[in-house]
Amino acid sequence: MKFSVNRELLLKPLQQVAGVVERRQTLPVLSNVLIQVVEDSVSLTGTDLEVELIGQVSTESADAGEITVPARKLLDICKELPDKATVDFELVESRLLIRSGRFKSNLSTLPAADFPSVDKSAVEITTKIDSKAFKKLLDKTAFAMAQQDVRYFLNGMLLELGDGYIRSVATDGHRLASSNLSQDSGNSQMKQVIVPRKGVLELQRLLGDLEGDVEISFGANHLCARSDNFTMTTKLVDGRFPDYDRVIPKNGDKIVLADKVELKQALNRTAILSNEKFRGIRVNLSAGQLKLSANNPEQEEAEETVTVDYEGVDLEVGFNVGYLQDVLGVLDCDKVKITVHDANSSALLEHPEEDDSLYVVMPMKL
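In this text, all values refer to a predicted model and were calculated from it rather than measured experimentally.

Rules behind the numbers
- Residues numbered from 1 in each chain as written.
- Predicted model: local features only at pLDDT ≥ 70, side-chain atom pairs only at ≥ 80, totals over all residues.
- Heavy atoms only, no water.
- Helix = DSSP H or I, 4+ residues; strand = E, 2+ residues; numbered from the N terminus.
- Buried < 20%, exposed > 50% of the residue type's maximum accessible area, 1.4 Å probe, protein only.
- Contact = heavy atoms within 4.5 Å.
- Areas by Shrake-Rupley, 256 points an atom, 1.4 Å probe, with all protein chains shown as cover.
- Lys, Arg positive; Asp, Glu negative; His and termini not counted.
- Charge placed at Lys NZ, Arg CZ, Asp CG, Glu CD.
- Pairing = 2+ DSSP bridges.
- Axes fitted to C-alpha atoms, helices over the stretch in contact; angles between N-to-C directions.
- Parallel < 35°, antiparallel > 145°, perpendicular 65-115°, else oblique.
- Left-handed = near helix turned anticlockwise from the far one by under 90°.
- Expected span 1.5 Å × (residues − 1).
- Arc of directions from axis to C-beta.
- Polar contact = N/O pair within 3.5 Å; in protein donor to acceptor, adjacent residues only side chain to side chain.
- Core = buried A, V, L, I, M, F, W, Y, C linked by side-chain atoms within 4.5 Å.

A.B. asks: Which residues make up the overall build of the protein chain, and what are the values?
C.D. replies: The helix and strand inventory of the protein chain stands at seven helices and 25 strands. Taken along the three principal axes of its C-alpha coordinates, the protein chain extends 80 × 50 × 35 Å. Here the protein chain holds 366 residues, and 51% of them are scored as buried. Taking all contacts inside the protein chain whose residues are at least 6 apart in sequence as the whole, residues at least 24 apart take part in 68%. In the form shown here, the protein chain has an accessible surface area of approximately 18200 Å², with 45% of it arising from carbon and sulfur atoms. For the protein chain, the centre of its 42 positive side-chain charges and the centre of its 57 negative side-chain charges are spaced 5 Å apart.

Right under this line is the structure:
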């Protein structure tokens, strides 16, 4: 195996692939990146057995072959090489020789045959989505995914593909985020899959640098995202996602319209003196105003009043301030609409004029 490639062409896909590779692995080969050379193309593959990412690089002079080398060391070497340098790779016996200018090094290798691949089920549905719109869809809900919850099906995101739409839903049991994207998939039957947390985070990272469409394929136990630059495959979570529609409150009769930036800044200031563990904040609603107050075990207190559009009866509700801040951080509007029923019911936050995204935050006792 032998090939030459420009440092800049190699660095970006190598960084993407190395991002999937976990530093601490039980299997040594999982710390490596698989390099495969075929004709004038070099593919780089990294995996942690849950997510697999393949990056492509074109090369002019190459001899076919395949081998695995330590991902982090290869990335660090390429980062430190001069800009626009040409890097020569050659497999000699069981070492990968790397030369560029006056620099030369050799890396240990493990056989390509030892490198595992993510099991891929038969593709059931394939659709093309604008990469920027798809990333925005993921960004609007990803913050609500659970982390290391015993209810493993919450440690990820539900992607629902239906007739004319694709929907993302995430919940950690205390809050829920849902967002829709109009999408003609040519699929009349609804398909639901749960993408694991790492798969979602990798997708967000990859889509951030992408222009144009990305092809998404759904299988029984995997999801594959493919573009000209990369192919990412992630296993799906085998579980049943909660019926999210039942969680969305339908009986809210008290509607508050608030300036999003003003409310967010007031929450940020008040949150400083909330209990660091429970993050509770008290919300007092009265005609024309919303009063925020917080305190902590050190007997420190903060309160602020925000002018809002509200004409209902007085109401006091407690919330986790972090959950409210997260929602206001992703809502793309000047005003935020908050709908509540009583002190024990969840709050519904949404765009006042668009219904493509909605957020549910459960109350907490203070």
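That shown, we press on.
A.B. asks: Would you mind going over the pairing of strand β24 (residues 347-350) in detail, with residue names and values included?
C.D. replies: Looking down a regular strand, the side chains alternate between one sheet face and the other. Neither face of β24 is open: one carries Ala-347 and Leu-349, the other Leu-348 and Glu-350, and all of them are buried. Relative to β24, strand β23 (residues 335-340) runs antiparallel, the two sharing three bridges. From the neighbouring strand, Lys-337 faces β24, where its bridge partner is Glu-350. Hairpin connection, β23 to β24: the antiparallel pair is bridged by six residues. Note that β24 and strand β25 (residues 357-361) share four bridges and pair antiparallel. Bridge pairing links Leu-349 to Tyr-359 in β25.

A.B. asks: Residue-level account of the side chain of Thr-234, with values.
C.D. replies: Turning to its location among the elements, Thr-234 is positioned in strand β17 (residues 230-235). The exposure class of Thr-234 is buried, given its relative accessible area of 0%.

A.B. asks: Just give me the short version of the sheet that holds strand β19 (residues 280-286), but keep the residues and values in it.
C.D. replies: Strand order in this open sheet of four strands is β21-β20-β19-β22, and the pairing throughout is antiparallel. Of all strands in the sheet, those bounded by a partner on one side alone are β21 (301-307) and β22 (315-320). Averaged over all pairs of adjacent strands, the angle between their axes in this sheet comes to 20 degrees, without regard to strand direction. Against the sheet, helix α6 (residues 260-271) contacts β19, β20 (289-295) and β21, and its axis sits at roughly 170 degrees relative to β21. Strand contacts of helix α7 (residues 321-330): β19 and β22, with the helix running at about 85 degrees to β22, the strand carrying the most contacts.

A.B. asks: Tell me about the packing of helix α3 (residues 131-139) against helix α4 (residues 197-207), and please be specific about residues and values.
C.D. replies: Angle between the axes and distance between the axes: these two values describe a pair of packed helices. Between α3 and α4, the least distance of the axes is 9 Å, while the angle of their chain directions is 140 degrees. The orientation of α3 relative to α4 falls into the category oblique. Relative to α4, α3 is oriented so that their crossing is left-handed. Across from Ser-131, Lys-132, Phe-134, Lys-135, Leu-138 and Asp-139 in α3, the residues of α4 making contact are Leu-203, Gln-204 and Leu-207.

A.B. asks: Pulling in residues and values, what's your account of α6?
C.D. replies: Every α-helical turn comprises 3.6 residues, leaving residues that sit three or four positions apart pointing alike. Given a rise of 1.5 Å per residue, twelve residues ought to cover 16 Å, and the 16 Å separating the end C-alpha atoms of α6 matches this to within 8%. Within α6, the full set of buried residues consists of Lys-260, Leu-263, Ala-266, Leu-267, Thr-270 and Ala-271. The buried residues of α6 occupy an angular sector of 135 degrees when the element is viewed end-on, so they sit on one face. Contacts from the buried residues of α6 go to β18 (254-259), β19, β20, β21, α7 and β23. The N-terminus of α6 is capped by Asp-259, whose side-chain oxygen sits 3.2 Å from the backbone nitrogen of Val-261.

A.B. asks: Quick rundown of the sheet that holds strand β2 (residues 32-38)? Include the residues and the values.
C.D. replies: The sheet built from eight strands is open, its strands ordered β6-β2-β3-β4-β17-β16-β15-β10 with antiparallel pairing. Because the sheet does not close on itself, it has two edges, and the strands there are β6 (65-70) and β10 (123-130). Neighbour-to-neighbour, the strand axes of this sheet turn through a mean angle of 15 degrees, independent of strand direction. Both β2 and β6 contribute to a ladder of six bridges, which runs antiparallel. Among the inter-strand pairings, Gln-36 is bridged to a residue of β6, identified as Glu-66. Across the sheet, helix α2 (residues 71-80) is in contact with β2 and β6; its angle to β6 comes to roughly 90 degrees.

A.B. asks: Please give an account of the nonpolar core that cites residues and values.
C.D. replies: A general tendency of soluble globular proteins is for nonpolar side chains to be buried together. Counting 93 residues, the largest nonpolar core has Ile-35, Leu-74, Phe-134 and Leu-263 as its most contacted members. Not counting chain neighbours up to four residues away, the residues in contact with Leu-263 comprise Ala-258, Leu-290, Leu-292, Val-306, Leu-328, Val-336 and Ile-338. In this structure, Ile-194, Val-237, Phe-241 and Leu-358 belong to the second largest nonpolar core, which totals eleven residues.

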